Amino acid sequence: MNIILATNNKGKIKEFNELINNANINLVLQSNYNVPSVEETGTTYVENAIIKARNASKYTGLPSISEDSGLAVDCLNGRPGIYSARYCGPNTTAEAANNKVIQEIKQYPIEQRTAKYWCIIVFMKNAEDPTPVICQDSWEGMITDNPKGTNGFGYDPIFYLPELNKTVAEISMEMKCKLSARSRCIRQMVNIISNIYK
């Protein structure tokens, strides 16, 4: 079963492939079909995920999976939120975004630096699908002002997991695939898609 994965983010692609390797699903990158990027004009993760999935299906004629995710820091009123990937503007680096968050949280005591990684995954059978399948989950942690680790991507070096005494960037991919919101969403979606097409 060929399904377009509507992302060009190499970190996300790696996590998806790690988690679907036993499913009867063949994820095809949208870049293989020269799908153009689409502007994420939604005001929620769900809206942006639908925009990206619909765009991929429109250009390929195939079902598509899209993901939208972000870091919501409680003391920053949920920022960077849906703007997580472009918090310092377009074409920014993860390091710059991490540094911006660190600077913004410094005025708050450690106990107020709670945060969630939100993940939304959308599956659309076609570009006109009126009932897209939506899975969502979150992963709770804290924001540290001392980035650590070289694994993962994005905000992983500053997303601290108190129960493990490590940042997400310090844990293995295997551990991340057990714990992350994205991994739980992907597993939910794989089960749903498998039931749709069985």
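An account of the accompanying structure is given in this report. (Residues numbered from 1 in each chain as written. Predicted model: local features only at pLDDT ≥ 70, side-chain atom pairs only at ≥ 80, totals over all residues. Heavy atoms only, no water.)

Now for the pattern of salt bridges. Following the criterion strictly, the structure yields 10 salt bridges and no others. The salt bridge partner of K52 is D68, with a shortest N-O separation of 3.0 Å. One end of the pair, K52, is in helix α2 (residues 45-60); the other, D68, is in strand β3 (residues 64-73), with 16 residues separating them in the sequence. On the accessibility criterion, K52 (11% relative accessible area) is buried. Taking relative accessible area as the criterion, D68 reaches 4% and is therefore assigned buried. Members of the salt-bridge network, linked through shared partners, are E40, K52, D68 and R86. (Salt bridge = Lys/Arg side-chain N within 4 Å of Asp/Glu carboxyl O. Helix = DSSP H or I, 4+ residues; strand = E, 2+ residues; numbered from the N terminus. Buried < 20%, exposed > 50% of the residue type's maximum accessible area, 1.4 Å probe, protein only.)

Our focus in this paragraph is unusual backbone geometry. The omega torsion of the bond from R79 to P80 falls at 0°, within 30 degrees of zero and hence cis. Relative to the helices and strands, P80 resides in the loop between β3 and α3 (94-105). Of note in the backbone geometry, N77 takes a positive phi value of approximately 55° without being a glycine. The topology assignment puts N77 in the loop between β3 and α3. Residue classification places N77 among the exposed residues on the basis of a relative accessible area of 72%. Backbone geometry places N91, a non-glycine residue, at a positive phi of 60°. The class for N91 is exposed, based on a relative accessible area of 82%.

Here we come to the pairing of strand β5 (residues 133-143). Burial within β5 is extensive, with 8 of its 11 residues counted as buried. As judged from the 10 bridges shared by strand β4 (residues 114-124) and β5, these two strands associate in the antiparallel manner. Paired with V122 across the bridge in β5 is I134. Where β5 meets strand β6 (residues 159-161), 2 bridges bridge the pair, whose relative direction is antiparallel. Counterpart to M142 in the pairing with β6 is Y160. (Pairing = 2+ DSSP bridges.)

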